[in-house]
Every structure is written in C-alpha cells, then in structure tokens.
Amino acid sequence: MALTAEAYRKFKKEMIEFIWEELDPYEDEIESTDKVPLDKVLPKLRRMHCFGMLVPEGYGGVGLSASQYVPILAEFSKIHGGIRVIVHVHNTTAKAVAQLASEPQKQELLPRIATGEYSVAFGLTEPDAGTGRDLQSRAVRDGDEFILNGRKHLITNSEFASHFMTFCYTDPSRGAHGISALLVDRETPGFTIRAMPPLMGCRGGEHGYLTFKDCRVPAKNIMGTEGEGLVQMTVALEVSRLFIAATSLGTAERALDLSLAFSKKRVTFGKPIAERQAVQTYLAEMATDVYALRSMVHDAARKADRGERIPAEASMCKLFGLEAVGRVTDRALLVHGGVGYTRKYPIERLYRDARLNWLEEGPPTIQQLVIARNFLDGYRWDDDHGG
Ligand SMILES: Cc1cc2nc3c(=O)[nH]c(=O)nc-3n(C[C@H](O)[C@H](O)[C@H](O)COP(=O)(O)OP(=O)(O)OC[C@H]3O[C@@H](n4cnc5c(N)ncnc54)[C@H](O)[C@@H]3O)c2cc1C
C-alpha cells in the first residue's frame, strides 16, 4: 500500500503548505482558549483527506505507506500539538481497523473513517488498572450482544469521536487471550463521556473519562478474533509506536530550526551567540540527535513497508525518540535563554508538547521491556536489509 512517487510528492507538498498556511495560525487561539476550534479545524482536515491517510485506496483512503506517512506526521508535530493528537489518534485507530476488521466491517467502516464522517478513538487505558492483562473492563455475551461494563480514562478525541475501540475481557479465564476489542458507538445507551482536567501540553482537545454501564454492544462489533484483541492489536500497533517517534522527530527538527535562527540573531558582547563554541556544542548535539532519530525512524518504516514485524525497532524508535526530543528541547530552551521560557517564541510550547511523547503508546519502562524481551528471545539485526 503506497502512493506512486509522483502522487506522493504532490500530496506531501500540498499537505505541508496546508499545515503551515491553514493550521499553524490557530496556535495562539488554542493556547489562549485551551480549545482546538473543532468547527473550523475538522472541516479543513476532512477537506485535505487527513483522516484517510492510512486507509487503503480501495476503501476510499489516501493509502500512504508508513515511510510516506512519517514525514507528514512529523510536519504536523511542528505545529500545535493539540492538532497533531487529533490526526495521530484517528489515523492510528483507522489503521488498526484496516488491519483487524473483517471484510464486511471494512466495507462498512473504512470509507466513512477515511472521510472523517466516522471518527475513531482508542480506548485501552483504565483508571483502576494497569494496561494489558490487568484491565478491569468486562463484556459478557448475551445472545447477539455483549453487555459491557468498565471505565477508561485519558481517551483522546473523546469530545467528538463517533466510535471507540474499547478493550475489555470477554473471557477473563484466558488471560491475555481473553481480551477483545469492541467498537462502541458513542450513542450506545449506558455509555457516558466526561472531560478530564486540562493538559500540560498538546492542549485544546478533550481526553475523556469513559464509563460503560450495562452497555449493549452488537457482537458483530468485535474487531479481529474474539479473545485475541489485545494480542492482535499489539501487532497492529507496532507501527503506531514508530509514529510517536516520528512526532518526536518533527518536534525536534522544529526546535533545532528555531534555535539555529535564534542563535544567529541574538547578539551578546558584540557577537551573535551562534559564534560561541558553547552554543555550537548545543546545536551540534541537537543536530546529532535529530539525524540519529531520522535514520532510525526511516529504517524501521521501510521494514514495516516490506511487511516485516518491527516490535523491537518500533519500541527502540519510540524510546530513543522521547529521549532525543527531550534533550533537543532542553537545549533549545538553553539556546533561547530567558525569552525561550516566555510565549514570545514557540519553544516553550514545543517543550511542553514533547513531554506527551513519554506517555503515548506506553511509557519508557514498557518500551524497555519489549526491547529486552525481543533481544533475549533471539532477535537479531537483519543484515540482508542493511538493518
Ligand atoms: C494526553 C494523553 C492522551 C492519551 N490518549 C490515550 C488514548 O487515546 N487511548 C488510550 O488508551 N490511552 C491514552 N493515553 C494513556 C497513555 O497511553 C498512558 O497514560 C500511558 O501508556 C501510561 O499508562 P498509565 O497512565 O496507566 O501509567 P501507569 O501504568 O500508571 O504508570 C505509571 C508509572 O509506573 C510505571 N509502571 C507501571 N506499571 C509498571 C510495571 N508493571 N513495571 C514497571 N513499571 C511500571 C510506568 O512506567 C510509569 O512510570 C493518553 C495519555 C495522555 C497523557
């Protein structure tokens, strides 16, 4: 699944112009109101096919490959993070639907997801449990329906998503093989959504508390195989960790660009600070982190496009990415000095937005666990592909 090189060049150029000309100007409004103006932003995102980027062309999507999507998502990560999370969560969940759904489900859902008529969100994290086998949400079969009870929190796009991919036990006796993914319609009786307190960064969107109280969900809404939802999703979402690394990359690139420009303009003791070796050291370290992250992300995306599993690579990219963007935004703040801590420059926002990368798709300890387990289980580089 990929656009031709020529079609992609055109799509990417138009998308980059769109991001900077039509979305970046909302930064001040989002920061001052703590609201992404959805009435203006969502129609623009729909017009530019932003919700169908990872949906195959055969189902009405743009059909980007992972390698083609990474630079677009990185560009979104240079502007306000509140917009980036809308795009990321929808596309990642859309990709999961495309991978897990049966053919009839794909026919019904994907064309609507691709246009943004349906907005899909991802409901895994719970307030009363750890992520994975610890989940407390339960769905019990009753004829052609499941009766779902449980709670989720921190669920992105909860103010407007039409469907929530909700992870719950359908057979607790089977452990990890008893967890299913149910697609729950927002309008389901017994399903309530409440906004959580505002965020440190990536502001402007609602990340909701979801409560399911005796919700009747059609059994045909199971995504993938009953009981194998978590296992299948772990595979489907490897690439999503890579996409968080792409987010770190975009934010780090912007922080570097702003720091280069600022260092040439800011004069102390009669010279631009760019001429001071101490500042050059910061810039050199930032550029090195960006280059390393770019290389890792593009390598892993190529592997994913060849149909290879990338559990270790995706977690290494995600882990290195959050550390790299952490270092780069730290140094960007130092290059800017005191004014960088004010809202005069976007550095303070990029700094806050970047800290979400620690958490999305699992904290560092989870990534370390996945990486170590893969290597202990015999994972090795594939030299045939230059890995
Ligand atoms: C803005 C935002 C948007 C989000 N959007 C979504 C979304 O759309 N859908 C969704 O499902 N989730 C979403 N999340 C949740 C996010 O994925 C989780 O917050 C993240 O994975 C961490 O899980 P947790 O909050 O339960 O932390 P916890 O699991 O409580 O972890 C707290 C700390 O304890 C450590 N820890 C926990 N358990 C262990 C263990 N067994 N061994 C070692 N260390 C451990 C962790 O590493 C961490 O340092 C979002 C979060 C935020 C902040």
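Being a predicted model, the structure only gives us computed values, none of them experimental. (Residues numbered from 1 in each chain as written. Predicted model: local features only at pLDDT ≥ 70, side-chain atom pairs only at ≥ 80, totals over all residues. Heavy atoms only, no water.)

**Observations concerning the packing of aromatic side chains**
Thought 1: Considering all chains together, one arrives at six aromatic pairs under this definition.
Thought 2: An angle of 55° between the planes, with centres 5.2 Å apart, marks the rings of Phe 122 and Phe 167 as tilted. Of the two residues, Phe 122 sits in strand 1 (residues 120–123) while Phe 167 sits in strand 4 (residues 163–169), which places them 45 residues apart along the sequence. Pair check on accessibility: Phe 122 and Phe 167 agree, each one buried.
Thought 3: Taking the centre distance of 5.2 Å and the plane angle of 85° together, the rings of Phe 164 and Phe 191 count as edge-to-face. Of the two residues, Phe 164 sits in strand 4 while Phe 191 sits in strand 6 (residues 191–195), which places them 27 residues apart along the sequence. Like Phe 164, the residue Phe 191 is buried in the burial classification.
Thought 4: One aromatic cluster is present, built from ring pairs that chain together Phe 164, Phe 191 and Phe 212.
Thought 5: Stacked on the ring of Tyr 351, the Lys or Arg Arg 355 has its end atom at 3.8 Å from the ring centre. (Phe/Tyr/Trp six-rings, centres within 6.5 Å; stacked < 30°, edge-to-face > 60°. Helix = DSSP H or I, 4+ residues; strand = E, 2+ residues; numbered from the N terminus. Buried < 20%, exposed > 50% of the residue type's maximum accessible area, 1.4 Å probe, protein only. Lys NZ or Arg CZ within 6 Å of the ring centre and 35° of its normal.)

**Brief notes about the packing of helix 8 (residues 238–265) against helix 11 (residues 347–354)**
Angle between the axes and distance between the axes are the two parameters that describe a pair of packed helices.
Thought 1: Orientation of helix 8 relative to helix 11, taken along the N-to-C sense of each, is 160°, at an axis distance of 10 Å. Judged on the interaxial angle alone, helix 11 and helix 8 are roughly antiparallel. Between helix 8 and helix 11 lies a crossing of left-handed hand. Between helix 8 and helix 11, the contacting residues are Thr 251, Arg 254, Ala 255 and Leu 258 on the first element and Ile 347, Arg 349, Leu 350 and Ala 354 on the second.
Thought 2: In terms of residue class, the contact of helix 8 with helix 11 is built from five nonpolar, one polar and two charged. (Axes fitted to C-alpha atoms, helices over the stretch in contact; angles between N-to-C directions. Parallel < 35°, antiparallel > 145°, perpendicular 65-115°, else oblique. Left-handed = near helix turned anticlockwise from the far one by under 90°. Contact = heavy atoms within 4.5 Å. Nonpolar A, V, L, I, M, F, W, Y, C, P; charged D, E, K, R; others polar.)

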